[in-house]
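Chains, contacts and geometry: an overview
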Amino acid sequence: MKNPIPRLAAIHDLSGLGKVSLMVVIPILSTMGVQVTPLVTAVLSSNTEYADFKMLDLTEQMTMFFEHWKNEGIKLDAIYSGFLGSDKQIDIVKELIDFYKHEELLVVVDPVLGDDGKPYAPMSLKLIEEMKKLICKANLITPNTTEVCLLLDEPYNSQPNIEQVKEWALRLSEQGPENVVITGVHNEQNPHLTGVIAYTRSNSKFWRVSCTYIPASYPGTGDIFTSVVTGSLLQGDSLPIAIDRAVQFTSQAIRSTFGRDRNIKEGVLIEKVLDGLKSPIFGSNYEII
Ligand code: PXL
């Protein structure tokens, strides 16, 4: 029998302080009418931006939990992975995808590897190599420009031109994902804008959604963005509408936080804007490029 509400397995960590991963994935997707079934990769006292964070790794337990799901015979409509701590965890995600694979399964991989041209501290070369394999199994990936360069073995370029970004999206899509969404792309014509560029292979179209650049880099905004894209696709929206909603929501969340005297590490105040996800998009401004 079909799930009465789409069911999504969310493979992310649970971090106490600083809103990232499951602390944004669950509220966003629940608000958008998706039931989240978490497969927790690790429990942390805070996100890794805080010095001296404490962490309990759950790699061993993940296999046991997945075995339990198999025995319960649950059906999944989507699988969504984010920040993964080791190549072993990537193997478990690949197994989960293979086990639950069906025609309509939506597989979203946010290949969290780095930012600002550098891999995050815990990312080993082996993990980057394994991530290259995991993205082949996804329908949708959402790398930032640093992650694109790591996945394609390209030198990092903080200001790639639009033709370069389109070529990257095409090359990534050739490896498997039907939809590639590249985030944090600067705008050549207007330095006050930033945005995302997306490619859908089925109709060979490129899309761009722009928003005002705000000079603050909050942890968790990538998780917020990909969660909204995923929820929107599960509601039946097209990719350009899904990325438009996600850019608007993430931008609203950043704006509601930016004006306050708050520690950046804490992430954004999504509770202030969450209700906005209950209504359909107001004005849409995606472009075909
Ligand atoms: O994807 C963001 C993220 C997820 N999980 C942990 C993090 C961060 C970003 O800082 O530290 C543990």
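Residues numbered from 1 in each chain as written. Predicted model: local features only at pLDDT ≥ 70, side-chain atom pairs only at ≥ 80, totals over all residues. Heavy atoms only, no water.

Overview of the site of the ligand
In the vicinity of the ligand, the contacting residues are Asp13, Ser15, Val20, Ser21, Leu44, Asn47, Thr48, Glu49, Phe83, Pro219 and Asp223. Residue Asp13 places a side-chain N or O atom 2.8 Å away from a nitrogen atom belonging to the ligand. Taken together, the residues that form the shell around the ligand break down as four nonpolar, four polar and three charged. (Near = heavy atom within 4 Å. Polar contact = N/O pair within 3.5 Å; in protein donor to acceptor, adjacent residues only side chain to side chain. Nonpolar A, V, L, I, M, F, W, Y, C, P; charged D, E, K, R; others polar.)

Regarding the pairing of strand S9 (residues 179-186)
By the criterion of burial, S9 is predominantly enclosed, with six of the eight residues buried. Pairing geometry for strand S8 (residues 140-141) and S9, over two bridges, is parallel. Counted as the bridge partner of Leu140 is Asn179 from S9. For S9 and strand S10 (residues 193-200), the ladder comprises six bridges, and the chain directions are antiparallel. Residue Val180 lies in a different strand from S10, and its bridge partner there is Tyr199. Linkage of S9 to S10, two consecutive antiparallel strands, is achieved through a turn of six residues. (Buried < 20%, exposed > 50% of the residue type's maximum accessible area, 1.4 Å probe, protein only. Helix = DSSP H or I, 4+ residues; strand = E, 2+ residues; numbered from the N terminus. Pairing = 2+ DSSP bridges.)

Topic: the packing of aromatic side chains
Each pair of aromatic rings is reported with the distance of its centres and the angle of its planes. Under the counting rule described, the total for this entry stands at five aromatic pairs. Ring centres of Tyr199 and Phe206 lie 4.6 Å apart, and the angle between their planes is 35 degrees; this geometry places the pair in the tilted category. For the residue pair Tyr199 and Phe206, the accessibility class agrees, reading buried in each case. Ring centres of Trp207 and Tyr286 lie 5.5 Å apart, and the angle between their planes is 90 degrees; on these two criteria the pair is classed as edge-to-face. One end of the pair, Trp207, is in strand S11 (residues 205-212); the other, Tyr286, is in the loop between helix H8 (239-258) and strand S12 (287-288), with 79 residues separating them in the sequence. (Phe/Tyr/Trp six-rings, centres within 6.5 Å; stacked < 30°, edge-to-face > 60°.)

Quick look at the pairing of S10
S10 sits mainly inside the fold: seven of its eight residues count as buried. Where S10 meets S11, eight bridges bridge the pair, whose relative direction is antiparallel. Paired with Val196 across the two strands is Val209, which belongs to S11. Connecting S10 to the antiparallel partner S11 that follows it, the hairpin turn spans four residues, and Ser204 within it adopts a positive phi of roughly 50 degrees.

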